[in-house]
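For reference, the chains in residue letters:
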Amino acid sequence: METILLINNDEEFLEHIRPDLMNAGYHVETLRDAEEAEDYATRNPPQLIILDALLQKTNGFELCRAFKKNPVLNTIPLVMTSAIYISEEDF
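Residues numbered from 1 in each chain as written. Predicted model: local features only at pLDDT ≥ 70, side-chain atom pairs only at ≥ 80, totals over all residues. Heavy atoms only, no water.

*Asks:* Pulling in residues and values, what's your account of the overall build of the chain?
*Replies:* Along the chain, the regular secondary structure elements total 3 helices and 4 strands. Ordering the α and β elements of the chain from the N terminus gives β-α-β-α-β-α-β. In summary, the chain has a C-alpha radius of gyration of 14 Å against a globular reference of 12 Å for 91 residues, a match within 12%. With the principal axes as the frame, the chain shows a C-alpha extent of 45 × 30 × 20 Å. Going through the 91 residues of the chain one by one, you find that 35% of them count as buried. Of the contacts formed within the chain by residues at least 6 apart in sequence, a portion of 67% connects residues at least 24 apart. On the chain, roughly 5900 Å² of surface is accessible, and the fraction owed to carbon and sulfur atoms is 51%. One way to put it: in the chain the 7 positive side-chain charges average out to a point 11 Å from where the 17 negative ones average out. (Helix = DSSP H or I, 4+ residues; strand = E, 2+ residues; numbered from the N terminus. Rg over C-alpha atoms; globule rule 2.2 N^0.38 Å. Buried < 20%, exposed > 50% of the residue type's maximum accessible area, 1.4 Å probe, protein only. Contact = heavy atoms within 4.5 Å. Areas by Shrake-Rupley, 256 points an atom, 1.4 Å probe, with all protein chains shown as cover. Lys, Arg positive; Asp, Glu negative; His and termini not counted. Charge placed at Lys NZ, Arg CZ, Asp CG, Glu CD.)

*Asks:* Can you lay out the side chain of Thr 58 for me, pointing to particular residues and giving the numbers?
*Replies:* With respect to the secondary-structure elements, Thr 58 resides in the loop between strand S3 (48-52) and helix H3 (60-69). You can call Thr 58 buried: its relative accessible area is 17%. For Thr 58, the residues in contact, after removing those within four places along its chain, are Ala 34, Glu 35 and Leu 63.

*Asks:* With reference to specific residues and values, describe the pairing of strand S2 (residues 27-31).
*Replies:* Taken together, the 5 bridges between strand S1 (residues 3-7) and S2 define a ladder with parallel strand orientation. What sits directly across from Leu 6, in S2, is Thr 30. (Pairing = 2+ DSSP bridges.)

*Asks:* Just give me the short version of the packing of helix H2 (residues 34-43) against H3, but keep the residues and values in it.
*Replies:* In contact at an axis separation of 11 Å, H2 and H3 are set at 20 degrees when each is read in the N-to-C sense. Judged on the interaxial angle alone, H3 and H2 are roughly parallel. Crossing handedness for the pair H2 and H3: right-handed. Every residue of H3 that contacts H2 at Ala 34, Ala 37 and Glu 38 is listed here: Leu 63, Ala 66 and Phe 67. (Axes fitted to C-alpha atoms, helices over the stretch in contact; angles between N-to-C directions. Parallel < 35°, antiparallel > 145°, perpendicular 65-115°, else oblique. Left-handed = near helix turned anticlockwise from the far one by under 90°.)

*Asks:* Pulling in residues and values, what's your account of the sheet that holds strand S4 (residues 78-81)?
*Replies:* Across the sheet, which stays open at both edges, the 4 strands sit in the order S2-S1-S3-S4 with parallel pairing between neighbours. At either margin of the open sheet sits one strand with a lone partner, and together these are S2 and S4. The average undirected angle you get between the axes of adjacent strands in this sheet is 20 degrees. Across the sheet, H2 is in contact with S1 and S2; its angle to S2 comes to roughly 145 degrees.

So this is what it looks like as structure tokens:
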């Protein structure tokens, strides 16, 4: 079973995407702390990384650069996400 690593500190985002990915047949690991992400991914390389661009302590772009410099992780596809939640009233 292919593993997807979700790195995101937004609980609402994780609650929505994780079940969809699992129902599609993927094993999903989630991390909320960017500081441990590179070490974790190096020890447990996934087949895909989904990374939030707006992480709290470490910028997602900085983490992406670190992944691409890491010989274990640099060939793993990475999808960068970012979301701003708006309500219907905002339209």
